[in-house]
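Geometric and topological summary
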Amino acid sequence: MQRMHKLTKTLLVSALMGGVAPLLPASLPAIGVSQAEAAVASRIAVQGNTRIEAATVEGYLTIRPGRPYGPADVDESLKTLFATGLFEDVKISQQGGTLVVSVVENPMVNKISFEGNKRLNDKTLEGVVRTQERSMLTRAKVQSDVQNILEAYRRSGRYRASVEPKIISRSNNRVDLVFEVNEGDRTGIERITFIGNTNFSDGRLRDVIRTRQSGLLSFLRTTDNFDPDRLDADQEMLRQFYYRHGYADFRIVSAVADLDREENVFYVTFTVEEGDQYDFGEIGLETSLADVDPEELRRKLRTQQGDTYSSLDVEKSLEALTLDVSRQGYAFAQIRPRAERDYENHTISLTYYIEEGPRVYVERINVRGNDRTREYVVRREFDLAEGDAFNRVLVDKAERRLKDLQFFKNVRITTERGSAPDKIVINVDVEEQPTGEVGFGVGYSTSDGVIGDVTIQEKNFLGRGQFVRARLAGGTSTQSYEFAFTEPYFLGRRMALSLDVYRRAYDKNDYRNYDLTTTGGSIGLGLPLRDDELRLNLIYRIFDQDLKQDTTALSNGLQSSLGHNLTSAIGYSLVYDTRDSRVDPRDGFYATFGQEFAGLGGNSRYISTTVDARAYKEILPEWGVVGILRGGGGYIAGIGRDLRASDQFQHNDNWLRGFEPQGIGPRDATTGDALGGRWYVHANAEAEFPIFGLPRELGLSGAVFTDFGAVWDTDPAILACVQTANGCGGAQPAGSVQSNDFKPRVAAGFGIKWASPFGPLRADFAWPIIKQTGDRTQFFRIGGGTRF
């Protein structure tokens, strides 16, 4: 009887909690019920579920049948169910002894589509949204997707873009999700301003950074919209620029991009402190390594006392010292430069300390983000591998090499501790970018008229780092076909194998009285001798020249060149290159020396020697004025056989302006045909400068120049043919050769360069100052082409 009374009391309390308490105002406690007491459900019932099993819902609950639960358990269960993203609404209540869980399932996404997008295609937008087809639709995901799409448009320069998600209901609790996009106008950069710069003009600093101001050619550019990542990269480029020009105290105070929403433009402002310019002071080198001779290592240094301080020279010196010491058996050597500033004399004295570093090994190299590029293409840029001694200088060198490949938009190398104190893990994070190009070109040459071309090019073929190019070109009097392939790491070593096949046809025009077709190919091997500065190139060429007489007025001296002539030649060249850029150099030196021996079969037997050197220097850095000095020459001699006219050197209007192509040098006085010479020489002085008063964004610059050059001394056999009536099977009477002796020509003029989005274009106006009888002058020349 006592047990029955206790059970009745329990049921009464439960009924009051389940039935009476919910009817009371929230501010009043249930009469006779303690808030600390817990409820008990005998079973759990799930209602409203259609696709999701009841057992799945029960699995997310923290409440279990037969166990007491309280408000905290109900709250935790609700949070867990909502966090699954499966439900739009969830309610938990108790009816009698049953805990009822009522759910409203989120609809299933049947289809995702985009409307109104033109600048960014569907595939691009699909890559930024989190919601996927055949997944549950949640408001949180949709809101996140809207922000991701807006961010994608902002990075493409469209800050006025708007996105409105639309949900279209279908049967069986399915929906179609449509993102309606209004892309808006492109948000440009109205002005880039620098504050605090006194040694370099705003225009010169704008040339350093990648971000560009909007202008007339904005529709052809992608760098005149605001990109926060690009702004960060611009700051680093500015630092490196100043550090390499001697401003060791330079710092960027701020870099701000202000958006004018009414005008839909950005104003970018860099505030800088340049500091003073320093020169290198005393350069010292000390070592604690017994077998290392400091004096021998001094020859590796790029830093010289009295030169303008450059952080790049310091980096190059560190790399050279590190590699040399490691070759001597000190894999763990550590080289630390210590700088002492002399603020009064504006010098920085450097001492390189070489000592045994901590014995830390590379445990692992992780390459991440290379979805297309093969991993070995990244790894081979390192001068170290797993198990080798870790060296920070070599890691920095690998990072610079990877950036120079231009396969990746971003490259970031970090390190972390390995599985033991003496092991380290290297992480290489890359972000790939397009490396292929399909180009349609059009250009104009004064000698060959209008020229059009189609080029297909890939710098990272199949992700293997190989270069492939196919080109088809044609014009008023010329046609050419070309295929080129380069393997930069032949046999797994840092040597480049190049293959090239081509066919070029030149018809008769104002500069030649014959048709010439050249068909051939080459194979080359490039070997680095000293890092990236000194290279040895070995090459084998074989080509057939077919010269056809197109007029009866052809010189007797060209008769030996008529018909098919096969040349098989092997050669080499030494190339020394310290230019800061191969596209638009402003500082550095370039020199090449080459020789070629023809006679491995074929009709030609000769040995030729050529040399070319160029020096670049910013003579007025604050205004972007670059001085260029160039000189070169060559000599060719027959070996057991006379030279043909087509073997000899001809004048090139690239190194002597003011004269037509083949406009100087030995010439048949009767027919006017250029015969070529065994010698040539040239020298050039030029100053390039921005055209003041014009926006730098137009890419226009000017140049003034003076050219000196000569071609002379035709082969005696060719000379005899001209001087003999019907000589060498020709139809001309006995004649003479003009300008066969060394007679220099001089010209001067000015040029206009346009770094157009299509490619470089240049027009030159030149006046011959010294010329000879028979020379053919040319006041105006234009060259270049488009790439789009």
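Attention in this report is confined to the structure presented alongside it. Everything numeric here is computed off the predicted structure, so don't read it as measured data.

Further remarks concern the sheet that holds strand E9 (residues 188–195). Pairing between sheet strands relies on hydrogen bonds along the backbone, with the strands arranged either parallel or antiparallel. Judged by pairing direction, the sheet is mixed, and its 3 strands sit side by side in the order E9-E11-E10 without closing on themselves. Each edge of the open sheet carries a strand with a single partner, namely E9 and strand E10 (251–260). Ignoring which end each strand starts from, the neighbouring axes of this sheet average 15° apart.

All right, on to the packing of aromatic side chains then. Any two aromatic rings considered together are summarised by their centre-to-centre distance and by the angle between their planes. Counted according to the given criterion, the structure contains 24 aromatic pairs. With 4.9 Å between their ring centres and 75° between their planes, Tyr-159 and Phe-266 make a pair best called edge-to-face. Within this pair, whereas Tyr-159 is found in the loop between helix H5 (139–155) and strand E7 (162–170), its partner Phe-266 is found in strand E11 (residues 265–273), the two being separated by 107 residues in sequence. Given a relative accessible area of 4%, Phe-266 falls into the buried group. An aromatic cluster is defined as three or more aromatic residues linked by ring pairs; in this entry it consists of Phe-200, Phe-241, Tyr-242, Tyr-247 and Phe-250.

This brings us to the sheet that holds strand E2 (residues 43–47). The strand order across the open sheet built from 3 strands is E2-E5-E4, with neighbouring strands paired in mixed fashion. Single-partner strands in this sheet number two, and they are E2 and strand E4 (87–95). The average undirected angle you get between the axes of adjacent strands in this sheet is 20°. Here E2 runs beside strand E5 (residues 98–105); their pairing, made up of 5 bridges, is parallel. Bridging from a neighbouring strand, Arg-43 pairs with Thr-98 of E5. On top of the sheet, helix H3 (residues 71–83) reaches E4 and E5; it is set at about 155° to E4, its chief contact.

To continue, consider unusual backbone geometry. Positive phi is not limited to glycine here, since Leu-491 has a value of about 55°. Along the polypeptide, Leu-491 turns up in the loop between strand E21 (478–487) and strand E22 (496–506). The phi angle at Gln-662 is positive, at roughly 60°, despite the residue not being glycine. Counting through the fold element by element, Gln-662 comes out in the loop between strand E28 (625–638) and strand E29 (667–668).

Time to look at the packing of helix H9 (residues 311–327) against helix H11 (residues 392–405). In the contact formed by H9 and H11, the axes pass within 10 Å of each other and the chain directions differ by 120°. Comparing their axes, H11 and H9 come out oblique. In the packing of H9 onto H11, the handedness of the crossing is left-handed. Touching Glu-315, Lys-316, Leu-318, Glu-319, Thr-322 and Leu-323 of H9 are Val-393, Leu-394, Lys-397 and Arg-400, all from H11. Looking at side-chain class alone, the contact of H9 with H11 contains 4 nonpolar, 1 polar and 5 charged residues.

Analysis parameters
- Residues numbered from 1 in each chain as written.
- Predicted model: local features only at pLDDT ≥ 70, side-chain atom pairs only at ≥ 80, totals over all residues.
- Heavy atoms only, no water.
- Pairing = 2+ DSSP bridges.
- Helix = DSSP H or I, 4+ residues; strand = E, 2+ residues; numbered from the N terminus.
- Axes fitted to C-alpha atoms, helices over the stretch in contact; angles between N-to-C directions.
- Phe/Tyr/Trp six-rings, centres within 6.5 Å; stacked < 30°, edge-to-face > 60°.
- Buried < 20%, exposed > 50% of the residue type's maximum accessible area, 1.4 Å probe, protein only.
- Contact = heavy atoms within 4.5 Å.
- Parallel < 35°, antiparallel > 145°, perpendicular 65-115°, else oblique.
- Left-handed = near helix turned anticlockwise from the far one by under 90°.
- Nonpolar A, V, L, I, M, F, W, Y, C, P; charged D, E, K, R; others polar.

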